[in-house]
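Structural overview
Here is how the chains run, residue by residue.
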Amino acid sequence: MTAFVLVGGAFTGAWLWDGVAARLRAAGAGAHPVTPDTDPGAGLGTHVEALLRLLDRIEDPEVVLVGHDYGIHPVLAAADRWPDRVARVVYVATGLPGDGDPALLLGRDEEVRARLAHDTAPVPPPRGAEWARWGSPDGLGADALARLDQRATPQPARTLTEPLRLGGAVHRLPATGVLCTADGPGIDTVELLVRSGPAHFRERIGPDFGLFELPTGHWPMLSDPDGLADILLRAAAGEGHRIEPSEDEPPYETAPFLLDPPEAPRERHGRVDLHLPDSEAPRPAVVLVHGGPVQAGRRPTPRDTPFYRGYARLAASRGAVGVTLDHRLHALTDYPRAAGDLTEALDLVRAHPRVDPNRIALWFFSGGGLLATDWLAVPPPWLRCLALTYPVLGTPPGWETVGSRFRPADALAGTGRLPLVLTRAGREHPGFAATVRDFLAAAGRHGTDLELVDVPDGRHGFETLDPTDASRAAVVRAMDTVLRHLTA
């Protein structure tokens, strides 16, 4: 018989799983909802040790560990320590934390993150409308919200700040993700990230990782206990959507650029590379701003990928300095730090003797699009053009931890006559496409100077995934448009 160990998110206990556990038991499975230690001094390690003791007591031959929200952290650590005792790990409405990640890294409440930087007191539970700061309450009726209010307990601070420690064994176990689509991304977004996003998605979401969707909010065990119980039983049976990139889809980090511009001399200055054109005179510069979040320590870094080197060499072949940089957007909470890295890079670039400091273009890709906000709001006179390629221009579901400072559409009131070049992928992820539509609507209201470059059959990351003639033509057209504004 299969036994399910059910570990809930912050502020909750075994009571959260009452409905799910009853349905699992009715189906003949074992169910072990967990109430974590709420002692003020408890940490992540405390909860991991308690899980290991529980695993030792369970006699059923097959154990499935289920982690919701914060609960995935002790689940992963326990499975990593005792992989032979665990048949499968199930992620419910949570991210994919890795070694060294504290739970706070995936938290959505900005006030709590700021407080825990200097305060070790337990975090009081939300009340009423405050629960929305921890996840979407979609699907929760008044009774369920009242139950959350009545039963929630303070969360020990160390459970959120103590880093997760993994040796890698857990990532070799079969796993399942339950995506609550009213709370975050669905399967299409995960597939996009596996095929063209950071390497850790491909490393963790392999052929033994099944995916399910539930059209509900952050607490499916309350809003849809029947649906969640059914998915858990199907997950234990090995069902779920699989993502298996074909061999002709090379990883983003190594895929060749879809064009073959000539090599250009390259100078490296800290986190910034300059690809220099064949001219000693100061030339305009195109600064390429990569997307993310990008896993810290990933190799090659964005500026060393054929993708960004290809764009920079293309700019250099047309007489401009192509600039790449590695900014430190490692999590959705890192946008302020990445914005500072970009400002620092621009100061370096404009001071370089081979750069005309009064002719700079900024070109943002994917999740880097949110970093355009500051430059749209108050564009300096030396910024001659701003380009965006399949950008994220708002906060799609699951991106609520991005600070309110980064809202490009809200900044368009200050953009004035700065020309924008926006490249759209026709087969864009719906959540990202919605942010672009909102941005275009705001641009229309403000009379923004904006030129669209469309790739109707292209996907997010079309340069890698769809290296067609249409994709090549779009890249060339976007580059030529940017350079025309730089030299006007």
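Our subject in this report is the structure included herewith. Since we're looking at a predicted model, the values are computed, not measured.

Once that is clear, we can look at the overall build of the chain. Scanning the chain from terminus to terminus reveals 17 helices and 14 strands. Taking 488 residues into account, the globule formula puts the C-alpha radius of gyration at 23 Å, and the chain, at 24 Å, falls close to it. In terms of its C-alpha atoms, the chain occupies a principal-axis envelope of roughly 75 × 45 × 35 Å. Looking at the chain residue by residue over its 488 residues, the buried ones come to 57%. Total accessible area on the chain is roughly 19000 Å²; 50% of this is exposed by carbon and sulfur atoms. Distance between charge centres in the chain, computed from 49 positive and 63 negative side chains, equals 4 Å.

Our next topic: the sheet that holds strand 10 (residues 321–325). Within a sheet, each strand pairs with its neighbour through backbone hydrogen bonds, oriented either parallel or antiparallel. The strand order across the open sheet built from 8 strands is 7-8-10-9-11-12-13-14, with neighbouring strands paired in mixed fashion. Each of the sheet's edge strands pairs with one partner strand only, and the pair in question is strand 7 (266–269) and strand 14 (450–455). This sheet shows a mean twist of 20 degrees between the axes of neighbouring strands, independent of strand direction. Pairing of strand 9 (residues 283–289) with strand 11 (residues 355–365) involves 6 bridges; the strand directions are parallel. If you follow R283 over to strand 11, its bridge partner there is V355. Of the strands in this sheet, strand 12 (383–389), strand 13 (420–425) and strand 14 touch helix 15 (residues 430–446), which is tilted by about 150 degrees from strand 13. Against the sheet, helix 17 (residues 469–487) touches strand 9, strand 11, strand 12, strand 13 and strand 14, its axis set at about 165 degrees to strand 14.

As a further point, take the pattern of salt bridges. Enumeration according to the criterion identifies 27 salt bridges in this entry. One salt bridge connects E239 with R234, and the closest N-O pair in it is separated by 2.9 Å. The class of E239 is partly exposed, set by a relative accessible area of 35%. By relative accessible area, which is 33% here, R234 ends up partly exposed.

Note that strand 1 (residues 2–7) and strand 2 (residues 30–33) share 4 bridges and pair parallel. When the sheet's bridge partners are listed, L6 is paired in strand 2 with P33.

It is worth spelling out helix 1 (residues 18–26) at this point. Taken together, the buried positions of helix 1 are occupied by V20, A21 and L24. For helix 1, the angular spread of buried residues about the axis comes to 95 degrees, placing them on one side. Where helix 1 is buried, its residues touch strand 1, strand 2, helix 9 (220–223) and helix 10 (225–236). Following helix 1 by one or two positions, G28 adopts a phi angle in the positive range, close to 95 degrees.

For the rest of this paragraph, the subject is the packing of helix 1 against helix 10. Packing of helix 1 against helix 10 leaves a shortest axis separation of 9 Å and a crossing angle of 50 degrees. Regarding the angle of helix 1 to helix 10, the classification is oblique. When you trace helix 1 past helix 10, the crossing you get is right-handed. For the pair helix 1 and helix 10, the contacting residues are G19, V20, R23 and L24 in the first and P225, D226, L228, A229, L232 and L233 in the second. Classifying every residue of the contact of helix 1 with helix 10 by side-chain character gives 7 nonpolar, 1 polar and 2 charged.

Our focus in this paragraph is empty space enclosed by the protein. Using the criterion set out here, one finds 2 cavities of 30 Å³ or more in the structure. Computed from the structure, the largest cavity encloses a volume of approximately 60 Å³. Grouping the amino acids of the lining of the largest cavity by side-chain chemistry returns 6 nonpolar, 7 polar and 1 charged. Empty space within the second largest cavity amounts to approximately 50 Å³. Looking at the second largest cavity, the residues that line it are G9, A10, F11, T12, H68, D69, W131, W134, H218 and W219.

This brings us to the packing of aromatic side chains. Tallied over the full model, the rule gives 17 aromatic pairs. Plain terms: the ring middles of F257 and F307 are 6.4 Å apart, the flat faces sit at 80 degrees to each other, and that makes the pair edge-to-face. With a gap of 50 residues between them, F257 in the loop between helix 10 and strand 7 and F307 in helix 11 (residues 306–317) connect regions that are remote in the sequence. The pair F257 / F307 is uniform in exposure class, with both members buried. Taking the centre distance of 5.7 Å and the plane angle of 80 degrees together, the rings of F307 and F365 count as edge-to-face.

Let us now look at the sheet that holds strand 1. The 6 strands are arranged 2-1-3-4-5-6 in an open sheet whose pairing can be described as parallel. Unpaired on one side and paired on the other, strand 2 and strand 6 (209–214) mark the two borders of the sheet. The average undirected angle you get between the axes of adjacent strands in this sheet is 20 degrees. Note that strand 5 (residues 175–180) and strand 6 share 6 bridges and pair parallel. Each bridged residue has a counterpart across the sheet, and for L179 the counterpart in strand 6 is E213. Here helix 2 (residues 44–57) sits on the sheet and contacts strand 1, strand 2 and strand 3 (62–68); the angle it forms with strand 1, its principal contact strand, is near 165 degrees. Seen against the sheet, helix 3 (residues 72–81) touches strand 1, strand 3 and strand 4 (88–92) and runs at an angle of roughly 165 degrees to strand 4.

Quick notes on the rules
Residues numbered from 1 in each chain as written. Predicted model: local features only at pLDDT ≥ 70, side-chain atom pairs only at ≥ 80, totals over all residues. Heavy atoms only, no water. Helix = DSSP H or I, 4+ residues; strand = E, 2+ residues; numbered from the N terminus. Rg over C-alpha atoms; globule rule 2.2 N^0.38 Å. Buried < 20%, exposed > 50% of the residue type's maximum accessible area, 1.4 Å probe, protein only. Areas by Shrake-Rupley, 256 points an atom, 1.4 Å probe, with all protein chains shown as cover. Lys, Arg positive; Asp, Glu negative; His and termini not counted. Charge placed at Lys NZ, Arg CZ, Asp CG, Glu CD. Pairing = 2+ DSSP bridges. Axes fitted to C-alpha atoms, helices over the stretch in contact; angles between N-to-C directions. Contact = heavy atoms within 4.5 Å. Salt bridge = Lys/Arg side-chain N within 4 Å of Asp/Glu carboxyl O. Arc of directions from axis to C-beta. Parallel < 35°, antiparallel > 145°, perpendicular 65-115°, else oblique. Left-handed = near helix turned anticlockwise from the far one by under 90°. Nonpolar A, V, L, I, M, F, W, Y, C, P; charged D, E, K, R; others polar. 1 Å grid on protein atoms, 1.4 Å probe; cavity = no way out; pocket = protein on both sides within 12 Å on 5 of 7 lines; lining within 4 Å. Points joined across faces, edges and corners; volume = space filled by probe spheres on them. Phe/Tyr/Trp six-rings, centres within 6.5 Å; stacked < 30°, edge-to-face > 60°.

Nothing here speaks to function; it is geometry throughout.
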